[in-house]
Structure formats: structure tokens, C-alpha cells
Amino acid sequence: MQREQTPLQRIVADFAESRLALSGLAVLTLILLVALFAPLISPQNPYDLAQLDVLDSRLPPGSRSGDGLTFWLGSDDQGRDILSGIFYGLRISLGVGVASTLCAVIIGLTMGLCAAYFGGRTDGVIMRFVDIQLSFPAILIALILLALLGQGIGKTIFALIMVQWAYYARTVRSTALVERRKEYIEAAVCLALPPSRIVFRHLLPNCLPPLIVIATVQVAAAIALEATLSYLGIGVPITEPSLGLLIKNGFDYMLSGKYWISFFPGIALLVTIVSINLVADQLRDVLNPRLQK
Amino acid sequence: MPLRRFLFAVIAAFALTAHAAELRIGLAADVTSLDPHYLNVAPNNNAAWHVFDALVHVDANVRLVPGLAISWRAIDSTTWEFKLRKGVKFHDGSDFTAEDVIFSLERAATLAASPGPFASFVKPITAKQIVDPWTIRLKTAAPYAMLPHDLNSIFIVSKKAATGARTEDFNSARAAVGTGPYKLLRFARGDRVELARNDAYWGGKSAWDKVTLRILPADTARVAALLAGDLDAIENIPTADLTRLKTNANFRLEQKVSWRTMLLHMDQYRDHPPRLSDKTGKPLAKNPFKDARVRLAVSKAINRRAIVERVMEGDAIAAGNLVSPPVFGYVDALKPEIYEPEAAKKLLAEAGYPDGFALTLYAPNDRYVNDEQVAQTVAQMLARVGIQTKVETMPASVYFGRARAGEFSFALLGWGSFSGDLALRALVATPNADKGYGAWNWGRYSNPKVDALLEQGFATLDEKKREALAREAAMLALKDVPVILLHHQLASWAMKKGIAYRPRTDEYTFAHQFRPQ
């Protein structure tokens, strides 16, 4: 006979069934640690212009700088150590991705729950907003916003929130609509509980599983979108490059054989996004009741 | 025998097509119109020069040479007389006469809905007189030495074809009838300009029957197209690819110092300019750029050699003048500032900033060669003498509007001029909209003595005396470090072997100046 499990234990056990997902999780943890401790483990602070020397620019991997520092992965066109650039770039990419997703989840969740719970005109207004937003490609909205606002990490996060919240609002609303008609909500309404309590204490927890899955996938999407925006030169400031900007800086040199400027940040971006997606995929399988064995 | 005849015809046809020389050139910037009086920007003018001529042309060193006018002189202090070239025909076969010149001058002055008008070039002209079909006289209110220069910018269109024609008629090639080396076949915005040789060109027949100017703003794509053989020549080689093209025996690289000088403007008029503070972000008691010692310190902190060698990869020369060496009014004695970081720190301390200060350097990221990288490198160098520098870059479409609105206190600008005095007038003369002085003097440096010398120069019709005055004004102004001079760009062209091009200081790419070897 099967042992009784708490839901969390079940999720952990199911998650661990996939070797691929576990290795994804391991890589992701490593990346998170690197991003967190970047200032401690980086050979150079790539954002401090006084530490850079243009005379060290575009050195191949393994070269030594004028100050005796070894560029294990080479240096970029400003004499920035690519390895340090990747560490700091991961910090920005992950920070922007996670922060924008979290904010977008909170906004989307609130909007979606309100739309589902109150229905009627509230629902109509919110969902038409969502429809309009979803009818434009995300990159287009982000481009327009950043063109208006200018560069900056805060502004990039804002733009990413603006393009993402609608996904969550739509998902949460559809889940919540189903939950809304269930008896426990009716019971709560009959008890004359205040709407805020019903929405956040009863409706919300039951809408979370699909949201978690989408949010995890969206973190990867947000990182990719940030990289795209930075690659186009309108995301983060040029002196504080994220992975996308590092790739862009090296792109001009692709034809002239100086591959390392774009290549290594590109690999870092790829690994990050793949590991997040591996984790997200397994989470989806685990949290999806229809796939329960 | 009919078969033999047929074979002969086929062979002859082959031989002919082989002889029909075609030149395909990749241009770096978008051509927005082929109406030569519509928008005064280099890419449009570059295309227009293939179809149209002006009264006055410039040679590879931007010195004036005869165009549709064979000579010009000032007959008194306010009247210029131009003798026109006889026997010149428009593409439609009609004769070029003084009527067309007057018509073109008027069209340039009055074309409605022109976003970047040519009107400023004809504004000084107060009266136009046709003496005979090949002589015109132009009067100005005051003595004005720059009139022949200004007329280099006014393309001559056919009165017959262009009367009542709108910009669209030029773009569709209907009204684009000029006297230039090529006839316009087709203009496809954002893609290409197709041209056919004008066999009757007065300046000698071009070597190419057909010319296609392809618009390829993406650097990598342009280079790749040349390497793949889709193009015969390209302009504006990205610095990253220079060495590769130089060492590749299948291609030829041509370079020449361009008239474009890169410089930094410093706010010298406000007490508290935006984004200028001490290192903790608190406002400074006064604007450090008002102190000439600080400006000199900034200049001394910049290692121009490193910028030229590392950032520009040799595709530039360090600047000590507002104009590059071939240009009228260049002063040999003005050398690039020497890189002396210690002296810079001392100057900053003397001026009362031993700990430096903090500022933001603004730059466009799609306008000049490596603009973004140059700005970052300058920021590095300033950081080393204690001036904490942030860099903000943006597309040129946003940048120039904000710069003119005075939003930047430290900003990058590239400037090309026909002559030293014109550069001084635009960049360091006291801003005065009525006189057209200081239109690009973002930092508003002001020196009445410099202004006076410039005014005197523009009223001096003798070229030698005018150049002496221009040099005097340059030496006087640059002593104060009104702007930080960085470098003069090199203009570059790459072409497949077997074609030659004489590089031009004005960066123009002219199909008729490519020659087969």
C-alpha cells in the first residue's frame, strides 16, 4: 500500500523522476549561485570603467591583460573580461527576467481574479485590455515602450512587465472561472465573507498550479526578450552589458574571426534558457492533474 | 549561309552583353528621395549627384572646381558673376541654359514640405540676373564669400521637366531630368537606385553602362554581399573588417581622411547643467566646464592614439583641428592634445576638483563609425583621472532632437565642413539664429573676437586672405578648448580587383569615378 504523501512531497518525488529535469535544475542552481555571487568570483568588475583598458581590447581567450589579469574567455571591444562580463551579465539577465515576471504575475493574477470573480463589466473591461495587448507581438510593444522611455534596467523591467501581465491575467481568469462555480466558493459567499478574503484565500491558491508553470516558462521568455532588446541597443545601458548586449558587441567581429566576444555569452544565454525550460517542462507535467498516473 | 549568320549573331550578342559593363555598389545609408531639393542629407545628395550637376563642383579634397559654371568671379563686393558651360544637354536632349539655373535656385528656395530645406544656401541671394543665356549675376545684400561654396549644394534641374513637378515625380523618375553622368531608370525606396549612362555627359563618358546603387545599411550584410560577389564595390567598411579586406588579394581597399571630425561638446553656459554632479550625486557649486583648465584636463585625459589604434583600428587620425588636413583653413601648427593623465589630474586639482566629479556622456549609437565604442572608451579614460563618467547612447533619430533641446551637458558630435571657417561658424561661434552662427554649438562657447574674425572672413572675397583669417580664428578659439577634439574619420571603400576608385574626402561614392583597370 502506498504511503501517504503531502502534496509537496509528491511534487518533489514526481519531479525527481526525470534525470533531464534534475540536471536542468542543477545547472540552474549553479547559474543562480554564480549570478548571486558574481562580484565575489569575477576576476574584474566589468561595469567599473576605470578598471577597463581599451589597450586590452579583443584579446583571445587565455591572454593576459596589461595589469596581469588573465582573460580566460578573452576580452571584448572595450577590454572587458568576457568571463566577468558573463557573470555580471547573468545577474542582470536573471534579475530582469525574475523581477519582471514576479511583478507581471502579481498584476496579472490580481486582474485575472478580479475579472473572474466580479464578472460583468469589470470582466469585460479587463479582458478587452488583455485582448488588445495580446494582439500585438510582445517585442513590438517592448520596442515602442523603450523607444519612448529610453535605456535603463528599471525601464527594461517595466517594459517586460507591460508585455507579460496579460498572459497571466488570461490564464488566471480561465482557471478562476472554473473554480468560481464550485461549491466551496458558493459556501464562502453564503458565509458572507468579504470579497477580498474569498478571492485571495480561497480562489487564489486553487489557481496557482498553472500559473507557476507559465511563470517559469515566461522567465526564460523574459530573459530572451531582454537579450533581444539589448541586442537591438535599446535595453540595458551600454556600460552595464547583459548577455544580449555582450553578444551584440561581438557581432561586428563575427566575420573577422574574433568569435569569443559573442560566442561565450551566447552559450551562457543558451544554457540558462534551456535549463529553465527543462525545469519548467517537468513542473508542468508534475502539476498537471490530467497527466497523473 | 543562314546558319552561319545565325551563329554569328548569337556570338555577337554574347560579346555585346559581356561588354555592357555594369557596376553594382552597396551604399551604407538610406536614400529617402531623388528630388534633389527635398532633403539636404548626404545619402540623398550622393544619389542626386549621379543624375544632376551643380554650378560648382568639388574635387576629392573638397576644393571648388568648375561644374556647370566654367568660371565665377566677384565683379563688385556684392555681385557674383557665373559663366555657364556651353553645349551641355539635359537627359531629354534639351539645352542647359541660365533659365534652368534660375528655376533651380527658386525651386530650392521654395519647395514646400521639405523637411531639411536647401533654402539656407540661396537665402543670401537678393537678386538674380540673366545677362545672356550663358552668364548670370547673383547679388547679395552684404559681401558674401561663401556663395560659390553654397551653390555646390544646389542641384540644377531642367526647367522644362521640373515645372510643377512634385517630389513624387522625381522619385518616379519622370521629372528627374538632369545633366549628370547617369539617367535615372528606377528608384525603389530602401532597396536600390538604377541608373543608365548618359552618353552625352560633358564631363566624359562613364565606364559603366548600367549602375545599381543598393541600399544596405547593415554593415555585415554589405561586406558579405561584396565577398559573395553580389556587389562590385561598397562604401563605409566597418572597422572590424578592414584588415581582412586589406589582406585579401581579391579585393582592393581605398581609404582617405574624411572631412568628418569627431568631437565632444561641453556645456559652458548653464550654472547647473543636467547630469553633472559630484561623485555622490550632489550638485556642484558651479559648472566645472566653465573653467578652461577643466576643459583642458578632459582633453589631456584622452588617449587619442589608443582610440585611433584600438577602437577605430587605424581607421582614423587624431584631431587637433576642427577640419581634417585636406580642407581649406586647416592649421598645421594645431596638433592633437598630448595624452597626459597626471597633468590632467593636476589641472583638475588646481581648478578645485581634486576628487573629480561625475557626469554622463551622451552619444548616438547608429550614426558615426563606432560611436558607441568611442564614447565608452572616452568614459574609461576620464574615469582614470577621477571624472566618473556614465555613458548613455541612443539612436540618432532621438539623439539629435534631445541634444538640440539642451538635455545633454557632455555629448558626442561628428561634423564635416567644406572649410575651417564654416566649421568654426557652426561649432564654436556664439549661437545666433538670425546670422546662422553657432547652429551646432551645443556647449555655447562664446568668444566675440572669434565671431568678429569669422564675420570679417566671410566678407572677404579674396581666398588667400579669407583662409588666413580662418586660421587665425581657429587658433584663437581652440586655445580655449571650446570642444574636445577626438579624431578625423577615414572614409573607406572596398571593391573587387580590377576596379579602381579615387577616394574622396567628402565620403561620397560616385559610380562615374570608379574605373576598370
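Conventions we followed
- Residues numbered from 1 in each chain as written.
- Chains lettered and ligands numbered in written order.
- Predicted model: local features only at pLDDT ≥ 70, side-chain atom pairs only at ≥ 80, totals over all residues.
- Heavy atoms only, no water.
- pLDDT = per-residue confidence, 0-100.
- Helix = DSSP H or I, 4+ residues; strand = E, 2+ residues; numbered from the N terminus.
- 1 Å grid on protein atoms, 1.4 Å probe; cavity = no way out; pocket = protein on both sides within 12 Å on 5 of 7 lines; lining within 4 Å.
- Points joined across faces, edges and corners; volume = space filled by probe spheres on them.
- Nonpolar A, V, L, I, M, F, W, Y, C, P; charged D, E, K, R; others polar.
- Contact = heavy atoms within 4.5 Å.
- Buried area = accessible area lost by both parts, 1.4 Å probe.
- Salt bridge = Lys/Arg side-chain N within 4 Å of Asp/Glu carboxyl O.
- Polar contact = N/O pair within 3.5 Å; in protein donor to acceptor, adjacent residues only side chain to side chain.
- Pairing = 2+ DSSP bridges.
- Axes fitted to C-alpha atoms, helices over the stretch in contact; angles between N-to-C directions.
- Patch = residues over 30% accessible without salt bridge, like charges linked within 9 Å, V, L, I, M, F, W, Y side chains within 5 Å.
- Areas by Shrake-Rupley, 256 points an atom, 1.4 Å probe, with all protein chains shown as cover.
- Expected span 1.5 Å × (residues − 1).
- Buried < 20%, exposed > 50% of the residue type's maximum accessible area, 1.4 Å probe, protein only.
- Arc of directions from axis to C-beta.

**Observations regarding the confidence of the model for chain A**
- On average, residues of chain A score 90 in pLDDT, and 97% of them reach the 70 mark or higher.
- Across chain A, the secondary-structure element scoring lowest on mean pLDDT is helix H1 (residues 7-15) of chain A, at 85, and the one scoring highest is helix H2 (residues 19-36) of chain A, at 95.

**Observations concerning empty space enclosed by the protein**
Residue and element names in this part refer to chain B.
- Counting across every chain of the model gives 3 cavities of 30 Å³ or more.
- What the largest cavity holds in volume is close to 50 Å³.
- In terms of lining, the largest cavity is formed by His265, Met266, Asp267, Ala403, Phe408, Ser409, Phe410, Ala411, Trp442 and Gly443.
- In terms of residue class, the lining of the largest cavity is made up of 6 nonpolar, 3 polar and 1 charged.

**Side note on the interface of chain B and chain A**
- Counting residues at the interface gives 23 residues for chain B and 23 residues for chain A.
- Summing both sides of the interface, chain B and chain A together bury roughly 2,300 Å²; the carbon and sulfur share of this comes to 47%.
- On the chain B side of the interface with chain A, the three residues burying the most area are Arg310, Gln376 and Gln380 of chain B, jointly 29% of the side's total.
- Here chain B is connected to chain A by 3 salt bridges.
- A salt bridge links Arg58 of chain A to Glu313 of chain B; the shortest N-O distance between them is 3.6 Å.
- Where chain B packs against chain A, one counts 12 residue pairs in polar contact (both at pLDDT 80 or more).
- Among the secondary structure elements, those contributing two or more residues to the side of chain B that touches chain A are helix H8 (219-227), helix H9 (239-247), helix H11 (304-311), helix H13 (371-384) and strand S18 (388-394) of chain B.
- The element that contributes the greatest number of residues to the side of chain B that touches chain A is H13 of chain B, accounting for 9 residues.
- Taken together, the residues of the side of chain B that touches chain A sort by class into 8 nonpolar, 8 polar and 7 charged.

**Brief notes about the sheet that holds strand S8 (residues 135-140) of chain B**
Residues and elements named next belong to chain B.
- Strands sit in the order S5-S6-S8-S7 across an open sheet of 4 strands; the sheet is antiparallel. Sheet topology places strand S5 (69-76) and strand S7 (125-132) at the edges, where each strand pairs with a single neighbour. Across this sheet, the average inter-strand angle for adjacent strands is 20°, counted without regard to direction.
- Pairing of S5 with strand S6 (residues 79-84) involves 6 bridges; the strand directions are antiparallel. In the sheet register, Ser71 faces S6, and the bridge partner there is Lys83.
- This element, helix H3 (residues 98-110), spans S6, S7 and S8 of the sheet and lies at about 165° to S7.

**A few points about a nonpolar patch on the surface**
Residues and elements named next belong to chain A.
- Judged by side-chain polarity, Val27, Tyr259, Phe263, Ile267, Leu270, Val271 and Val274 come together as a nonpolar surface patch covering roughly 570 Å² of accessible area.
- When residues in the nonpolar patch are grouped by element, the largest group, 5 residues, is from helix H11 (residues 260-287).
- Relative to the assigned elements, Val27 resides in helix H2.

**Some details on helix H6 (residues 138-149) of chain A**
Residues and elements named next belong to chain A.
- Between the first and last C-alpha of H6 there are 16 Å, a value that for 12 residues agrees with the 16 Å anticipated at 1.5 Å per step.
- Within H6, burial applies to Ile141, Ala142, Leu145 and Leu146. An end-on view of H6 places all buried positions within 120° of arc, on one side of the element. Exposed and facing more than 90 degrees away from the buried side of H6 are Ala147 and Leu148.
- Where the residues of H6 are buried, they touch helix H5 (120-134), helix H7 (153-180) and helix H9 (195-231).

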